[in-house]
Amino acid sequence: MRLAFLSAAALLSVLTACGGGASGPAAMDAATTQGSSAAWAWSLPSYFPLPVVPADNPMSEAKFQLGRSLFYDMRLSVNGIQSCASCHIQSKAFTDGLALSRGATGEFTNRNVQPLGNSAWHNSYTWGRPDVTTLEQQMVIPLFAEHPVEMGLTPANQDAMLARLGNDHKLNAMFFAAFPAEVAPLTLSNVIKSIAAFQRGLITADSHYDRFLQGKETLTATELRGKELFFGDAAKCSRCHGGFNFDAPLSDPGGNLTFFQNTGLYNIDGAGGFPAPNRGVFEITGQAADMGKFRVASLRNVALTAPYMHDGSVVTLEDVIDFYAAGGRLLTTGRDAGDGRLNPYKSPLISGFTMTGQDKNDLIAFLKTLTDNTFITNSRLSNPSQ
Ligand code: HEC
Ligand code: HEC
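Below: a short report on this structure.

**A closer look at the site of ligand 2**
The environment of ligand 2 is formed by 24 residues, the closest being Cys-237, Cys-240, Tyr-308, His-310 and Ser-347. Breaking the shell around ligand 2 down by element, the ones donating at least two residues are α10 (237-240) and α12 (317-325). Classifying every residue of the shell around ligand 2 gives 16 nonpolar, six polar and two charged.

**Concerning the site of ligand 1**
Around ligand 1 there are 27 residues in total, and Cys-84, Cys-87, Thr-126, Trp-127 and Pro-142 lie nearest to it. No other element matches the five residues that helix α4 (residues 135-144) contributes to the shell around ligand 1. Of the residues in the shell around ligand 1, the class split is 12 nonpolar, 12 polar and three charged.

**Some remarks on unusual backbone geometry**
Here His-147 and Pro-148 are connected by a cis peptide whose omega angle stands at -5°. Mapped onto the elements, Pro-148 comes out in the loop between α4 and α5 (158-166). Following Ala-276, the chain continues into Pro-277 via a peptide bond in cis, with omega recorded as 0°. Mapping Pro-277 onto the fold places it in the loop between β1 (260-261) and α11 (282-285). Positive phi is not limited to glycine here, since Phe-94 has a value of about 70°. With respect to the secondary-structure elements, Phe-94 resides in the loop between α3 (84-87) and α4. Phi angles above zero are rare outside glycine, and Asn-118 is one such case at about 60°.

Cut-offs used in this document
Residues numbered from 1 in each chain as written. Chains lettered and ligands numbered in written order. Predicted model: local features only at pLDDT ≥ 70, side-chain atom pairs only at ≥ 80, totals over all residues. Near = placed C-beta within 6 Å. Helix = DSSP H or I, 4+ residues; strand = E, 2+ residues; numbered from the N terminus. Nonpolar A, V, L, I, M, F, W, Y, C, P; charged D, E, K, R; others polar.

Keep in mind that these numbers describe shape and distance, not what the molecule does.
And the structure:
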């Protein structure tokens, strides 16, 4: 059962670590894995692999602290009213509680904001972009996006933004400390590199469930029943939400290992259509089979990240579970009406199941064990000027 929690990559080491998985959770000790970089020590549970860090942006404490300052700095937006943290709020696991967010100039984003914990380990970034594969690449989107505007930078006004930062003597000194080999370190590229380094340091690994895995805490009877349901064959949650971040799919019945899945949320034309501009990977590839495919969301801190799904259209965890139990979503009225349960591109794993009220409570109780209170209150990750 517990093995289902682990990604295939982590499986081998764990089999050795806990003798084939037959022993209790205490066998999975909290031994930490240390990174090779002398400047940065990753402190991770034994079942976390080391994240991949781009060779041209190694981690350091000075860079992390600069990135932290910039993440909370409103001067990064065109009109000085928005920072990354305006939409990515620590107490909500770096989400904002809204279905859709609002950019600096008032435009709504097309998609629901994503949590940032453990984003160092994602294979791709944002809800439906297999082509955006590093945090550095991703950041260009909020900084420079035009449709819709998020922070409103343009090639024409980016120098003014750098000048705003440069006028701050303390911040200026932090750039020199973070990039000691450079004579003029106050550049857009270094803004991006340092915020990416801060984001790689946003590690959530101390939830109640992690403490259970490490033998430090026990799960209640309802949490344990919920765990059985989550990893069980009826609900099949862990078939897609597997691995240490609950976002790694196992192979589907066709043998395909894919991080992007259609869960049957929409079917606006009876032929599987999702409403534009939220058609998932289809927006990038134009391939019919990619219609409605979105990245499997990590379920760490999921109790804090409502509302749910790529467009925030599912309000509560109760609604999420009803949706999966129904094998997709039937919308009877409105612009997006249609029977998502019959979407031809839907994953065969979303086939519906029956559950009692008790089962539902148990499953939600398990999902709540993934909340990491250390992460959302850690002052190292908060606004340094408050
Ligand atoms: C206006 C609100 C807003 C602002 C400001 C904002 N973001 Fe986001 N962020 C979002 C939304 C919405 C998404 C989901 C985007 C999508 O899928 O199209 C997102 C996604 C992300 C992701 C992808 C996470 C993942 O799991 O793939 C990262 C990383 C991120 N933002 C970092 C940042 C950084 C760094 C900044 C500041 C430079 C920033 N964001 C500013 C709303 C915002
Ligand atoms: C076929 C793979 C698959 C299965 C099986 C699956 N999910 Fe998901 N899940 C996804 C994908 C893909 C998304 C993102 C969908 C979207 O936004 O359109 C998602 C999103 C979610 C979200 C929303 C997360 C957020 O931050 O918005 C929750 C909660 C969730 N799933 C819980 C579950 C539970 C509980 C089960 C078992 C009952 C389950 N999932 C089964 C693929 C799956």
